[in-house]
Amino acid sequence: MRGISSLLTVVGTTVVLAVSGAVGAVAAPAPSDAPAAAVTPASAPAGKKPAARTTGERAGLPLPIVEVLGFDRYQATLDDTNMDPVRLDVRRAGTTEVVQSITTFKMFSEGDYRYWDSDPIVLDAVGFYEVDLHAKDPVTGQEGSRSGSQKFFYGPDAVIDIASSKQEFTLDSRGAVATGRVTAKDPKTGARVPVAGTRVKVYTYSTNSFTGKTDADGRYSIPFSATGTEGVLELTAEFGDDLSHREGHAALKIKPQKAFVTMTGPTKGLTLDYGYNWFPGKMTRLADDGTVKPVGAGHNTHGQCVAPASCTNYLSGRATRADGSFRVLARVEQPGTWNVWTYGPWLETSTRGSLSIAKVNNTTRMTEEKLTTTSDGKLRFTGKALLVDGTIEADATILVEALRADGEWVTVRTASRAFGTAFSVTADVPTYQANAYRLRVHGSKTVAPSTGTKLLKPSRLHTWFAPGKLPRTLPKGSALTMKGTLYTLTPEGTAKPLGGQKVHYFFKPTGSTTWKEVSSSTTGSTGYYRRSVIPTGSGDWQVRFTDGGTTRFGNTTDPVHVTVG
């Protein structure tokens, strides 16, 4: 399939979008807030009176919809149909006058999908046309027709010129008149001819468009108004029905006005709760007549914490309302100073709003951190989390974090404990190298996070395995080899192989909850261990070091499931 749709689409020969320069002697611009009046279209040229007809009429079986495509030429395409085309009649739009009948079509197929292309549509005049399709069922021979599938514009090298009655715009002067001419190349003479009576739409932004029609000479004059919120001011004019439209563009200039931003609530020495807070403000502007007026709706605000340099406070601006009022949403994390301003081509900030936060409630602090070892070889962390100047009731979310060899802090345990009360949290020894530990308060939308200041190290030395990879499946009767290296931390905090230590090999059959020791071995001087066994069935395997005594922690490898069969 080549991406054709089930609509009548017109794309003529290559179209140049021309943009003219300034045009003199044009109508006076409409006031910026006045609606643009439609231009009265010129009378249609004399011709045959259209006969009454029903668009989309059908006789017999359903028929395909016709597309008119044009890359270097115009042609019709019948999209994915089981009907065979017989004739395609091209009519002047709104009349019964047939100006071309096409009876030659070429079929293309791509698997179960097929479509037909007609011979070229070659017409002798620029204008709007419609097509009527006649087709028949190749099996039953039953014929049907579809009239007026879609209107299309025929105009080789069609061009729409556009210019504005003024080039510079302000918030007080947004209206002007768009003028231009629509022309196309006459198919017979090659001369450019006007396209009369066609609808033209002009706009500076997609949501505010203004329309009119070309006169007998193809010219149009359409009042328009900018919204005053465009990021880039560009005037666009387009004409044509459906997908056959052409466009022209003209760049315009925005002259910014001075803007004054003020915060209308309390602004100095504020005491606020940690988290999100709204702050109201108002924005005015220096108008063209020298008076101060509200900026109106749709102008963006922006803010930033400017002191201290390490300030993390975040502020999200909102657009102004019609009276120039606005609100900004700030995430308050620490004392600091904010500035608030506007941005965009229509306004330039002359005075910025300011906010000064002296104190933040609901901050936290970790105190009395300690690390000891339990009798069963686990880590016990104790401490106290404080809620500073608390205005809410909440428990502390305590994080136990381990420092990996690569410098990354990793959470090994999370627990909920009351603020202001001594807590105790136990955690398993990590199966990877952990050089130190710390305690943190996680924080939330309304409670600030904090990190303990103490770097905690246990009295026992940490150990861990670097195991080799085990197969996930193993033929029955084959040997399973478990090998790797056992490491330990030195008192100085460096890693080294741990030799001369007994390691134990455990197995848990599939469906069981009990681990059983099946073998053991002693690490060499490089900490290397190796043992081969013949599994009797599927299950999980694990290597353990349990003989660290009072000087080293024991550790295990992660269990690996091996399927035997």
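Residues numbered from 1 in each chain as written. Predicted model: local features only at pLDDT ≥ 70, side-chain atom pairs only at ≥ 80, totals over all residues. Heavy atoms only, no water.

### Re the pairing of strand 30 (residues 353–361)
Spelled out, the test is: By the convention used here, strands pair only if DSSP detects at least 2 bridges between them. Only runs of H or I of at least four residues qualify as helices and only runs of E of at least two qualify as strands under DSSP, and these elements are numbered from the N terminus.
Two strands pair when backbone bridges link them, and strand 22 (residues 270–273) and strand 30 are joined in this way by 4 bridges, in the parallel orientation. Bridge pairing in strand 30 places Asp273 opposite Asn361. Examined bridge by bridge, strand 28 (residues 336–342) and strand 30 share 5 bridges and lie antiparallel to one another. Each bridged residue has a counterpart across the sheet, and for Gly336 the counterpart in strand 30 is Ile357.

### Describing the side chain of Asn362
To be explicit about the condition: Any pair of residues with heavy atoms lying within 4.5 Å of one another is described as a contacting pair.
By the secondary structure assignment, Asn362 is in the loop between strand 30 and strand 31 (363–373). Excluding residues that lie within four positions of it along the chain, Asn362 makes contacts with Asp273, Tyr274, Leu387, Val388, Asp389, Gly390, Thr391, Ile392, Thr446, Val447 and Ala448.

### Side note on the environment of Arg544
Note the following rule: For every residue, the accessible area obtained with a 1.4 Å probe (protein chains only) is divided by the maximum for its type, and the residue is called buried under 20%, exposed over 50%, and partly exposed between those limits. Under this definition, polar contacts are N or O atom pairs within 3.5 Å; protein pairs additionally need one hydrogen-donor-capable and one acceptor-capable atom, and for neighbouring residues in sequence, both atoms have to be side-chain atoms.
Relative to the assigned elements, Arg544 resides in strand 45 (residues 539–545). Residue classification places Arg544 among the buried positions, given a relative accessible area of 19%. Along the backbone, Arg544 and Asn555 are 11 residues apart, and their C-alpha atoms lie at a distance of 5.9 Å. Excluding anything up to four places from it in sequence, Arg544 contacts Phe465, Val503, His504, Phe506, Trp515, Asn555 and Thr556. Among the polar contacts listed, one links the side chain of Arg544 to the side chain of Gln542, at a separation of 2.8 Å.

### As for the nonpolar core
Side chains of nonpolar character tend, in soluble globular proteins, to be buried together. Heads up, the rule is: Working definition of a nonpolar core: buried Ala, Val, Leu, Ile, Met, Phe, Trp, Tyr and Cys residues. They are joined through side-chain atoms within 4.5 Å.
Val200, Val202, Tyr220, Phe224, Phe279 and Trp338 are the most contacted members of the largest nonpolar core, which has 49 residues in total. Contact partners of Phe279, with chain neighbours within four places excluded, come to Met263, Leu270, Leu272, Phe326, Arg327, Val328, Ala330, Trp338 and Leu355. Core analysis: the second largest hydrophobic core is formed by 22 residues, Ala396, Ala402, Val425 and Ala427 among them.

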